[in-house]
Amino acid sequence: MKRILVLAVFFSIMKSMTVCPALWAGTTFVTIGTGGITGVYYPAGRAIAKMVSNKQQKYGIRATAEITPGSVYNINAIVSGDMAFGIVQSDRQFQALHGQAEWADKGPQKDLRAVFSLHSEVLTLVATVASGIITVCDLKGKRVNIGEPGSGQRQNAIDALMAVGIVPEKDLKAEGFKSSEAPGLLQEGRLDAFFYTVGHPSSALREATAGLAKVRFVPLTGPEIEDLVREKPFYAKCAFPAKMYPGVANEEENIETFGVRAALCSSVKVPEDAVYAVTKAVFDNIGEFRKLHPALGELDKKEMLEGLLAPLHPGAEKYFRQSGLLKQSGARK
């Protein structure tokens, strides 16, 4: 019984540790919040964790990636100290720092810090051909998955809908399923359409477009969307090739829409040495990192200092100054 109690206390301590120095083997354990398993966040987070852990003897850090609901959850966990790092959309960085959206009651989350940018994320709208949905305005009265509560894509979807005068709670049969569930539900006929903010190509979207039910990508364009992009500093117009998904019904070459940028974030309370080690592990192995997912394949070191709407963490700043990258970028400090 005594042995069991000792083991229980040991594993309880290990589970709770995120940024504090571990009592075991002098190692600091850090957790990286990611997103759903079908997106880019999880493989990117796993890759970062692996690169850091491979240098455990040098930096004394052991990292693990955790599946989470997404950006909002990650920010809250970072600020509360439950996680050391998390992957976060640029719009959520902005809103948290300014006390907007989910943080309207809590106020500005001033402890949030950026480490480096990752891939671009495109708000993608997928609909069945049978639903007759051709434009975003055709979503009225339809069964639409706008995203899981706590995910960045949910707010992206709401922004797009509100821009064209659609109130999700009133004008849609809005659902809050996980992104991983949406393709199957679309193919089963339980959804007419779903939004997904994701880097392309996406395994989830390949699943959605490869089934028996024919589907199409719905462009997110028009004067209202252009006004939205102009008004929000974290949005940018973008497009992705339809040919990435051979089964899709679209005839146009590129699907026009808008999107955000993902970034690895942390807290001002996370030690400088830990953030420095994570940054160095990725940037010193950028070639290997690019190979881990197609959405990461075009990453450029200079561009990975752009689109950071939270202040730069001192640990990341230290690495970027040493490597000469900071002088070449417009990253916020």
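Scroll up to find the structure.
Residues numbered from 1 in each chain as written. Predicted model: local features only at pLDDT ≥ 70, side-chain atom pairs only at ≥ 80, totals over all residues. Heavy atoms only, no water.

A. Just the overall build of the protein chain, in detail. In terms of helices and strands, the protein chain carries 13 helices and 10 strands. Rg of the C-alpha trace for the protein chain: 21 Å, near the compact-globule value of 20 Å for 333 residues, within the 12% margin. Its C-alpha atoms give the protein chain principal-axis dimensions of roughly 60 × 55 × 40 Å. When the accessible surface of the protein chain is split by element, carbon and sulfur atoms take 51% of a total near 15100 Å². For the protein chain, the distance from the average position of its 39 positive side-chain charges to the average position of its 34 negative side-chain charges is 8 Å. (Helix = DSSP H or I, 4+ residues; strand = E, 2+ residues; numbered from the N terminus. Rg over C-alpha atoms; globule rule 2.2 N^0.38 Å. Areas by Shrake-Rupley, 256 points an atom, 1.4 Å probe, with all protein chains shown as cover. Lys, Arg positive; Asp, Glu negative; His and termini not counted. Charge placed at Lys NZ, Arg CZ, Asp CG, Glu CD.)

B. Structural detail: helix H11 (residues 272-283). Given a rise of 1.5 Å per residue, 12 residues ought to cover 16 Å, and the 16 Å separating the end C-alpha atoms of H11 matches this to within 8%. Where burial is concerned, most of H11 is hidden: 10 out of the 12 residues are buried. Buried within H11 are the following residues: Ala274, Val275, Tyr276, Ala277, Val278, Thr279, Lys280, Ala281, Val282 and Phe283. (Expected span 1.5 Å × (residues − 1). Buried < 20%, exposed > 50% of the residue type's maximum accessible area, 1.4 Å probe, protein only.)

C. Just the nonpolar core, in detail. With 74 residues, the main nonpolar core has Phe85, Phe116, Phe289 and Phe320 as its most contacted residues. If you tally residues by element for this core, the top one is H11, at 8 residues. Ile146, Ala193, Leu220 and Val229 belong to the second-largest nonpolar core, a separate cluster that totals 28 residues. (Core = buried A, V, L, I, M, F, W, Y, C linked by side-chain atoms within 4.5 Å.)

D. Structural detail: the environment of Glu121. Counting through the fold element by element, Glu121 comes out in strand S4 (residues 112-128). With 180 residues separating them in the primary sequence, Glu121 and Lys301 have C-alpha atoms 18 Å apart. In this structure Glu121 touches Tyr41, Gln89, Thr197, Val198, Gly199, Gly259, Val260, Arg261 and Ala262, once residues within four positions along its chain are discounted. (Contact = heavy atoms within 4.5 Å.)

E. The layout of surface pockets, seen in detail. Computed from the structure, the largest pocket encloses a volume of approximately 480 Å³. Looking at the largest pocket, it is lined by 29 residues, and the ones nearest its centre are His119, Ser120, Glu121, Val122 and Val260. Per-element tally for the lining of the largest pocket: the top contributor is strand S9 (residues 236-241), with 6 residues. Partitioned by chemical class, the residues of the lining of the largest pocket number 17 nonpolar, 7 polar and 5 charged. Along the wall of the second largest pocket there are 24 residues; nearest its centre are Gly35, Gly36, Thr68, Pro69 and Ser179. In terms of residue count, the dominant contributor to the lining of the second largest pocket is strand S7 (residues 193-198) (3 residues). (1 Å grid on protein atoms, 1.4 Å probe; cavity = no way out; pocket = protein on both sides within 12 Å on 5 of 7 lines; lining within 4 Å. Points joined across faces, edges and corners; volume = space filled by probe spheres on them. Nonpolar A, V, L, I, M, F, W, Y, C, P; charged D, E, K, R; others polar.)

F. Representation of the side chain of Asp171 within the structure. Residue placement: Asp171 occurs in helix H7 (residues 168-171). This buried residue, Asp171, is left without a salt bridge; Lys170 holds the nearest opposite charge, at 4.6 Å. In contact with Asp171, not counting residues within four places along its chain, are Leu139, Lys140, Gly141, Gly165 and Ile166. (Salt bridge = Lys/Arg side-chain N within 4 Å of Asp/Glu carboxyl O.)

G. Region of interest: helix H10 (residues 223-231). All of the buried residues along H10 are Ile225, Leu228 and Val229. Around the axis of H10, the buried residues are gathered within 95° of arc, so they sit on the same side. Those residues of H10 that are exposed and angled more than 90 degrees off the buried face are Pro223, Arg230 and Glu231. Contacts from the buried residues of H10 go to helix H6 (152-163), S9 and strand S10 (254-267). (Arc of directions from axis to C-beta.)

H. Representation of the packing of aromatic side chains within the structure. Going through the model one piece at a time under the given rule, you end up with 11 aromatic pairs. Ring geometry for Phe217 versus Phe240: centroids 5.1 Å apart, planes at 85°, classification edge-to-face. With Phe217 in strand S8 (residues 215-217) and Phe240 in strand S9, this residue pair connects regions lying 23 residues apart in the sequence. Using a relative accessible area of 3% as the deciding quantity, one classes Phe240 as buried. With centroids separated by 5.2 Å and ring planes inclined at 65°, the aromatic side chains of Phe217 and Tyr245 adopt a geometry described as edge-to-face. Highlighted residues: Phe217 in strand S8 and Tyr245 in the loop between S9 and S10, separated in sequence by 28 residues. The residues Phe217 and Tyr245 share a single accessibility class, namely buried. (Phe/Tyr/Trp six-rings, centres within 6.5 Å; stacked < 30°, edge-to-face > 60°.)

I. Molecular detail of unusual backbone geometry. Pro201 follows His200 through a cis peptide bond whose omega is 0°. Backbone geometry places Ala101, a non-glycine residue, at a positive phi of 55°. By secondary structure assignment, the location of Ala101 is in the loop between helix H5 (90-97) and S4. Assessed through its relative accessible area of 37%, Ala101 is described here as partly exposed.

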